[in-house]
Every structure is written in C-alpha cells, then in structure tokens.
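Next come the chains, spelled out residue by residue.
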Amino acid sequence: IGSNSFYMPKSLESISIPSTLTLIEKNALRFTSSLNAVYIDDIKTWCNINFANEQCNPLYYAHNLYLNSELVTDLIIPSTVEHIKDFCFYNCTSIKSISFEKGVKSVGNYVFSNCSNLSYISFNDDLTSIGISAFYNCHLLSNFTLPKKLETIGAYAFYNCLSLTNIILPEYV
C-alpha cells in the first residue's frame, strides 16, 4: 500500500489485509481514526509485512485484530514465523496473551508496544532477540521467563510495564 493511499478517510471502519501484502508505506493509513477492525487470514503473512512506521499499521487506529473473523485475544505465533517485523502488533489492545512456538527467533522493534491488555507471555527457547521497545507500555504484563538462547534485548524493551514484578532470567545471564 503506497504512501497517502488512504489519507484521512472519514468513514473507513475496517480493513481486510490480503495474504499477498508485503509493504505499507508512510502515511498510507494516516488519520484513519474511524478504523476499528483489521481482518487477516494468516499470522505468518501479517508478521512479515514491512510497516514504514507505527502509523502505517492499521492497528495503530483500529486496536482490534481478527484472524479468520475471530477477535485475537490469545495470540499464538506459529513455528512458521522466524522473525516478527517491526510494528507488527503495535497498539493491538485485543491481545491478552502471547505464546511463541518453537522456531520463532526474533521479535522486532515496537512489535507489541502499547498492547495495553497484554498480561501473559510464553517465550520459546529458540528466541534470540527482542527488539527496541518491543513490549513498551504493556501495563498489565506482570511476569515471564526469558528464553535460554536470548542474546539481545533492545533498549526500552519492557519500559513502562507498570505491573512487572518478576522476570526469570536464563542461568547464564
């Protein structure tokens, strides 16, 4: 989706993302404040979209992600996804829990930022990288165990996670 494609539409309430989409450019969905739902049919495709910035992701405005017409509350990142691209689930308030299946290796920058209802994460031991501000502003996130193979955690990865009380670190850290 090119720059300014849907700039300031006043009545756009939902958007369906085709499995062929790979890029959403700057300002493509800018000021789509009436948007309240994003529909996808494949998590792998969604995780591989290149969003130019957070405002290019329709979840920035919509907050609610639907997979095969069902609201995503308990998100499972399948083993077919190795890398989750930047801004992928930015501002998705429908997500309450995330489970990473074996094979997921990295979480990009700002991927789960502002997922304000996220309270549970189950990482897999294959995960090696968590990007900058990946879980920024996840206010309900209270505890989790970091994966054994984790090598890098980006700056502000868990910044402003106000309920965070317990992190279990791998033995080698």
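Residues numbered from 1 in each chain as written. Predicted model: local features only at pLDDT ≥ 70, side-chain atom pairs only at ≥ 80, totals over all residues. Heavy atoms only, no water.

A. Broad picture of the sheet that holds strand E7 (residues 74-77). Taken in spatial order, the 3 strands make up an open sheet running E7-E9-E11, and their pairing is parallel. Bordering the open sheet on either side are E7 and strand E11 (120-122), each of which pairs with just one other strand. Averaged over all pairs of adjacent strands, the angle between their axes in this sheet comes to 10°, without regard to strand direction. Where E7 and strand E9 (residues 97-100) come together, 4 bridges link them in parallel fashion. Its bridge partner being in E9, Asp 74 is matched across the sheet by Ser 97. (Pairing = 2+ DSSP bridges. Helix = DSSP H or I, 4+ residues; strand = E, 2+ residues; numbered from the N terminus. Axes fitted to C-alpha atoms, helices over the stretch in contact; angles between N-to-C directions.)

B. Focus on the packing of aromatic side chains. A full pass over the atoms with the stated rule returns 16 aromatic pairs. With 5.4 Å between their ring centres and 10° between their planes, Phe 87 and Tyr 110 make a pair best called stacked. Separated by 23 residues along the polypeptide, Phe 87 in the loop between strand E8 (83-84) and E9 and Tyr 110 in the loop between strand E10 (106-107) and E11 bring together distant segments of the chain. A relative accessible area of 10% means that Phe 87 is categorised as buried. (Phe/Tyr/Trp six-rings, centres within 6.5 Å; stacked < 30°, edge-to-face > 60°. Buried < 20%, exposed > 50% of the residue type's maximum accessible area, 1.4 Å probe, protein only.)

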